Each structure stands twice: as structure tokens, then as C-alpha cells.
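# Fold and contact review
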There are 2 protein chains.
Amino acid sequence: MTQITVAPRRPGGHGGDSGRPRDPQTDRAILRATVELLAEVGYLDVSVAEVARRAGVSKPTVYRRWARKSQLVVEALVTQMLPDNATPSGSAGEELLALTEQLISTLTLTPLGRVLPGLVAEMAADAELAHSYRELVIGPNRSRWRAAVERGIGRGELASDTDVDLVLNALAGPLYFSLLITGDPIDDYYARAAVDLVLARYGTARADARPSRR
Amino acid sequence: MTQITVAPRRPGGHGGDSGRPRDPQTDRAILRATVELLAEVGYLDVSVAEVARRAGVSKPTVYRRWARKSQLVVEALVTQMLPDNATPSGSAGEELLALTEQLISTLTLTPLGRVLPGLVAEMAADAELAHSYRELVIGPNRSRWRAAVERGIGRGELASDTDVDLVLNALAGPLYFSLLITGDPIDDYYARAAVDLVLARYGTARADARPSRR
DNA sequence: GGGATATGTTACGTTACGTCATGTAGCCAA
DNA sequence: TTGGCTACATGACGTAACGTAACATATCCC
């Protein structure tokens, strides 16, 4: 996950190397201001004008880099994503538990939680944005989950007919559901309970070194 | 579920019975136009002006009844909700399966699916709206699911320590997740697979009259 | 220095929200 | 029948944000 960017604009269709170069500091200042504002007021109330003001930059300078507010926001989010937490280890149950807990952290501790509602609305109306978001944020995450499940199957801890997508959705879905729809707080024991649910269905005898309590 | 309305406005703070009465036809025309537009263009691109035009009504007439566009939309949605599908019957597994399938229908066949993304954004920014939506749409539904689970516990088909909220979220969450975030289509076998997941964890021996195949 | 691009400033066009003012239409009660 | 009250249509308005354009200036590379 290195240096991901969303369609950095080159006005006039050129990608020219001549002329005055862009100030990289400006890019950073804009992204920083965006993250800051997102955390304060959420997606809908972020205005490009205010972002520009805080970054000490003019509005056209923002639009020269990102064609739409939504793209700016996606890229700002990517810079805030928590790093991959070390290498996988432990049983399938432990791995899934760790991934679920990390997702909870991301949704809870980073600005993502405040941003997601507005972003969801934009994604529904802007296919390109939806694509970016899924590719940059959702995709990489899913790969890690998928890998964990497949390792579990390989070790015989999960049944060979395990429905991978169902497992991912069963663990992640309720989190987004609470965040976006019901507004209910996320229970401290959610991760464990959800993983138990999955293991009860797809876990094999060998998986009963699982970290559940009941 | 009879005659639910969202804060019908009475201008000037009066709830007076004097003066010219509102034309009930006008209310219906506005709601109908709203549903129609929602289905066509989704939440974000619904404009009150266009709603008014289609309803053959002026803009202030709309605002006289609903203080905000979002409230109008919620009420329009309520009129579109599918009716309770008969009385509960069958095993806990069958009941949950039926409820899940009905939720899929609601999200797929009614305008709710197109509306939800935009509504989610508004709810995040408008606590009052969120409250209305949860009370009018989410709440009644949840009660039915909860009742089904509790009947299952009562009949001994579900374990007595069944985590009711977890069950509801595990069945409904992934649907919203797919709809709002991943954009993946909802698999035909989702309902059955998800119910299986729940029964594997919370079903008792007695529940094995369950309608699962494997 | 000259060509090319970035940047700031300022202004603009567009859209939609939500409100207000005015005149007219329709109900009720005295 | 008359007066009071409210609904309604029309048209205009204020506000706010998006996204773009024009122009002058700054900064880079050759």
C-alpha cells in the first residue's frame, strides 16, 4: 500500500513535465485540511472553499488536483487508513477476530465513520467514485480477510465448502449496518460473538482451539 | 401500522380547525410524485421544485406540510412499505427465512433501495430525521424479527442464551452492506445461507426440522 | 530570457434549498 | 351575509455550495 493517488489532474490534458511544478506541500496541506474538516463536520458539511481556506490555498488550486470533492475525500481517507497490522498468525478464529477488531477500530477511531454516510450517498450517484472507493479502501481489506479464510481452509480449521463471501459479509456487514442505519453503538463483544457464529457453521473439530468462551 | 405521519406542519404554530382546510388530495399527489421521482432519480436528485411540478402544486404548499425534503421522503417511503405478510407460522428457521426474504424484496423491489444511500447521509446530519426513520421503518420491522426469535426460544428451537440483536444484525447487516458499500448483487441463496449460519450457532436439536439442506 | 505551467484573486454561472409577499379561493361561525 | 381565518399559486428573494473562467503573477526547465 504505497503512494496511492486518485486521478491526479493534469489540466489541459497534458501530463507535461515543463513549466512550474506543483508544490507537493500544497497537496499535503489540502489533504490535511480535508481530513481535519471531515473529522469535525462530516462529509456533507465539508465545503471545498473551507478546505482551501484552511490549507492556505485557493479554490482553483484544489480543483486543479481533484476533479470532485468526493475524489478529494476518498484520497484524504486513504492517507488515514490504519496500516496493515503485522503478519497473520494464529488460528483462523484468531485471525478473523483480529481483522474484525481492526475494522471496528477503523470505523470508530478514524474519520471514516463520520465520512461514510455522505460518501455512500455520493457513491450511489457517481459510479466512478464508487469504483475508486471500492478499489482503494474496500478491496485491499477484503483481500486480507479472504486470505485469512483460505489459510483456515488450508489448515483444515474451516470446512472446505466455506462460503468465503458469506463469511466476510457476516462479519463486516453488521458493523456497517449499525454505523449507517440503526445508529446503535458497537458492542464490545461483537467481534467475538460474530466470529463464533461463523465458526459454529464452518469450523471443523480441528478449529476448536478457537478462542471462544461459550 | 395505521396512518403514520411525520410532523405535519401547521404554520404559525396553530393547529387551528378554522379556515380553509387542506385538500387531502394534495397530500396524496405530493407523496405520489415523490415516490415516482425517487424511483427515477434516487434521493440526491429529487428536488422539491420538481416534486411540486409533478404534483401540480406550488413549492410553498409542499413546505407547508413537510419542513424538510428528508421528512417528505421518509413519509413517502412509509406509504410504499410492503404490508406485513400474514401471520407467523412454521419453525423459527422458516420464520427467519421468510423475514429475510421479505427484507430482500423490500430493498430490491421498492424504491427504498434507491433512496437509502441519500437518506443515510441525511440521517447522519439530522438527528431528528434519523429518529423518524428508525421509528417508522426500522423499528416495526425489528419488532417482528425479535418476536420470531423469541417464539423460537419459547419453543425450544433456539438456545435460551440466543443473542437476539446479534441474530438480527447477522441476517440484515450483510444485505445493507452489499447495497450501500460493496454494490455486489444479493445472491439468491443468501437468505438460506444466512439463516443456516444462525441456526448452526443457536439452533437446538429440536430445530433440526430446519429447512436447510446441508 | 523564453516557454510552459502553477497559483492567487476575483468573478461568474448554475442549482437547489427554504422563505416571503401578495392576491385569490374556500371554509366556518356569528 | 359578512368577517375571520387558512390554503393555495405565483413570483421573487436570500443563502450556500458547486465547479469554472479570466487574468496577472510567480516559478520552474531549457
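Preceding this section is the structure that the text describes.
This is a predicted model, so every value here is computed, not measured.

Turning our eyes to something else, we now look at the protein's contact with DNA strand D. Around DNA strand D sit 28 residues, and of these Lys59(A), Arg20(B), Ser58(B), Thr61(B) and Arg65(B) come closest. The contact in question runs from a base nitrogen of DNA strand D to an N or O atom on the side chain of Arg20(A), over 2.9 Å. Contacts to DNA strand D include Val46(A), whose backbone N or O atom sits 3.4 Å from a phosphate oxygen. Sorting the residues of the surface near DNA strand D by element identifies α3 (59-65) of chain A together with α3 (59-65) of chain B as the ones contributing at least two each. Examining the composition of the surface near DNA strand D, we find that four residues originate from one element, α3(B), more than from any other. Tallied by class, residues from the surface near DNA strand D come to nine nonpolar, nine polar and ten charged.

The next subject is the packing of aromatic side chains. Think of a pair of aromatic rings as described by two things: how far the centres are apart, and how the planes are tilted against each other in angle. Evaluated as defined, the whole model comprises two aromatic pairs over all chains. For the cation-ring pair, Lys69(A) lies above Tyr43(A), with the distance from its terminal atom to the ring centre recorded as 4.8 Å.

Right, let's get into the packing of helix α1 (residues 24-41) of chain B against helix α4 (residues 69-80) of chain B. All names here are of chain B. α4 packs onto α1 with a crossing angle of 90 degrees between their chain directions and a minimal axis gap of 9 Å. Taken as axis vectors, α1 and α4 run roughly perpendicular relative to one another. Of α4, the residues touching α1 (which contributes Ile30, Leu31, Thr34, Val35 and Leu38) are Leu72, Val73, Glu75, Ala76, Thr79 and Gln80.

For the rest of this paragraph, the subject is the interface of chain A and chain B. Contacts between the two partners involve 38 residues from chain A, matched on the other side by 38 residues from chain B. Here chain A packs against chain B, burying approximately 3,200 Å² in sum over the two surfaces, 72% of which is carbon and sulfur. Inspection of the chain A/chain B interface yields two salt bridges. Between Arg142(A) and Asp184(B) there is a salt bridge, with the nearest N and O atoms lying 3.7 Å from each other. In this structure, the connection of chain A to chain B is made through four residue pairs in polar contact (both at pLDDT 80 or more). Considering each element in turn, the side of chain A that touches chain B owes the most residues, twelve residues, to helix α8 (residues 164-182) of chain A.

Neighbouring residues of DNA strand C: 28 residues in total, closest Arg20(A), Thr61(A), Arg64(A), Arg65(A) and Lys59(B). By atom count, sugar and phosphate contribute 62% of the portion of DNA strand C lying within 4 Å of the protein. Residue Ser58(A) places a main-chain N or O atom 3.0 Å away from a phosphate oxygen belonging to DNA strand C. When contributions to the surface near DNA strand C are tallied by element, the ones reaching two or more residues are α3 of chain A together with α3 of chain B. Tallying contributions element by element places α3(A) first for the surface near DNA strand C, with four residues.

Quick look at helix α9 (residues 190-202) of chain B now. Its 13 residues place the ends of α9(B) 18 Å apart at the C-alpha level, agreeing with the 18 Å of an ideal helix rising 1.5 Å per residue. Of all 13 residues in α9(B), eleven are buried; the element is thus mostly enclosed. On the buried face of α9(B), the contacting elements are α8 and α9 (190-202) of chain A together with α5 (92-109) and α8 (164-182) of chain B.

Time to look at the relation of the copies chain A and chain B. With an RMSD of 0.0 Å, the operation that places chain A on chain B is a rotation of 180 degrees combined with a shift of 0.0 Å along the axis. Here the copies are linked by what is in effect a two-fold axis. Taking C-alpha positions as the reference, the residue of chain A nearest the rotation axis is Gly173(A), at 2.3 Å. The overlap is high: 100% of the interface residues of chain A also sit at the interface in chain B, so the same surface is used on both sides.

Each value, and the rule that gives it
- Residues numbered from 1 in each chain as written.
- Chains lettered and ligands numbered in written order.
- Predicted model: local features only at pLDDT ≥ 70, side-chain atom pairs only at ≥ 80, totals over all residues.
- Heavy atoms only, no water.
- Near = heavy atom within 4 Å.
- Polar contact = N/O pair within 3.5 Å; in protein donor to acceptor, adjacent residues only side chain to side chain.
- Helix = DSSP H or I, 4+ residues; strand = E, 2+ residues; numbered from the N terminus.
- Nonpolar A, V, L, I, M, F, W, Y, C, P; charged D, E, K, R; others polar.
- Phe/Tyr/Trp six-rings, centres within 6.5 Å; stacked < 30°, edge-to-face > 60°.
- Lys NZ or Arg CZ within 6 Å of the ring centre and 35° of its normal.
- Axes fitted to C-alpha atoms, helices over the stretch in contact; angles between N-to-C directions.
- Parallel < 35°, antiparallel > 145°, perpendicular 65-115°, else oblique.
- Contact = heavy atoms within 4.5 Å.
- Buried area = accessible area lost by both parts, 1.4 Å probe.
- Salt bridge = Lys/Arg side-chain N within 4 Å of Asp/Glu carboxyl O.
- Expected span 1.5 Å × (residues − 1).
- Buried < 20%, exposed > 50% of the residue type's maximum accessible area, 1.4 Å probe, protein only.
- Least-squares fit on C-alpha atoms with pLDDT ≥ 70 in both.

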